[in-house]
Amino acid sequence: MDIVLRVMGKTSESYLKEGIEVYLKRLKRYAKYSIQEIPDLKGMKNRNASEQNIAEGQELLKTIGPSDFLVLLDENGKRYSSRGFSEQLQKWMNAGPSTIVFMVGGPFGFSDEVYARANALLSLSDMTFSHQMIRLFFTEQIYRAFTIFKNEPYHHD
Ligand SMILES: C[S@@+](CC[C@H](N)C(=O)[O-])C[C@H]1O[C@@H](n2cnc3c(N)ncnc32)[C@H](O)[C@@H]1O
């Protein structure tokens, strides 16, 4: 099974790239996890928030297969402890989709069409993070979730 974090645009900051690489390397022994960057859309500066959301949403939805399990990262989604997330991830995996896609929204979040396709909404905090930083925080949480499944001494309650 593949676990994918799908995001709009490249990871721009080297300090984030470096941190993400650390966790991608560590994750190799546990899961088929990757970060897929969808190229930024051109001409967005002249569009209002709702137009941007709709255009980005259409791009994001093109990348979702009919049997993909889609989880949106969203401040208003369900919050878990790291241990709770680890259990929930295992349940989603046990349900047997070939791919679980976690998706990060753009500067204005997601369009209604994307919300309508989502299978679940996941919040990492009540605070809002940049769409760049969330890539690192989420990747570390995925690593943490796998070390919890495996009972390895990374997470301490
Ligand atoms: C800058 S935020 C945009 C959020 C903004 N509230 C909106 O909807 O207009 C960009 C993206 O980062 C992700 N994100 C930021 N903070 C988050 C959090 N606390 N939990 C989960 N995802 C978050 C979400 O995918 C969000 O769509």
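Just so you know, these numbers come straight off a predicted model, no measurement behind them. (Residues numbered from 1 in each chain as written. Predicted model: local features only at pLDDT ≥ 70, side-chain atom pairs only at ≥ 80, totals over all residues. Heavy atoms only, no water.)

Student: Hey, could you run me through the overall build of the protein in this one?
Tutor: Summing up its helical and strand segments, the protein has 5 helices and 5 strands in all. Reading the protein from its N terminus to its C terminus gives the helix and strand order β-α-β-α-β-α-β-α-β-α. In summary, the protein has a C-alpha radius of gyration of 15 Å against a globular reference of 15 Å for 157 residues, a match within 12%. Along the first, second and third principal axes, the C-alpha atoms of the protein reach 50 × 35 × 25 Å. Split into buried and exposed, the 157 residues of the protein put 46% on the buried side. Looking at the protein as shown, the accessible area adds up to about 8,800 Å², and 49% of this sits on carbon and sulfur atoms. Taking the average place of the 20 positive charges on the side chains of the protein and the average place of its 19 negative ones, the gap between the two points comes to 6 Å. (Helix = DSSP H or I, 4+ residues; strand = E, 2+ residues; numbered from the N terminus. Rg over C-alpha atoms; globule rule 2.2 N^0.38 Å. Buried < 20%, exposed > 50% of the residue type's maximum accessible area, 1.4 Å probe, protein only. Areas by Shrake-Rupley, 256 points an atom, 1.4 Å probe, with all protein chains shown as cover. Lys, Arg positive; Asp, Glu negative; His and termini not counted. Charge placed at Lys NZ, Arg CZ, Asp CG, Glu CD.)

Student: How should a nonpolar patch on the surface be read in this particular structure?
Tutor: On the surface, a cluster of nonpolar side chains totalling about 550 Å² of accessible area is made up of Tyr 15, Leu 124, Met 127, Phe 129, Met 133 and Phe 137. Structurally, Met 127 is set in the loop between β5 (120-123) and α5 (133-149). Residue Met 127 is classed as exposed on the basis of its relative accessible area of 61%. (Patch = residues over 30% accessible without salt bridge, like charges linked within 9 Å, V, L, I, M, F, W, Y side chains within 5 Å. Salt bridge = Lys/Arg side-chain N within 4 Å of Asp/Glu carboxyl O.)

Student: I tried to follow α5 on my own but got confused; where do I start?
Tutor: Given a rise of 1.5 Å per residue, 17 residues ought to cover 24 Å, and the 25 Å separating the end C-alpha atoms of α5 matches this to within 8%. Downstream of α5 by a residue or two, Asn 151 has a phi angle that is positive, lying close to 60 degrees. (Expected span 1.5 Å × (residues − 1).)

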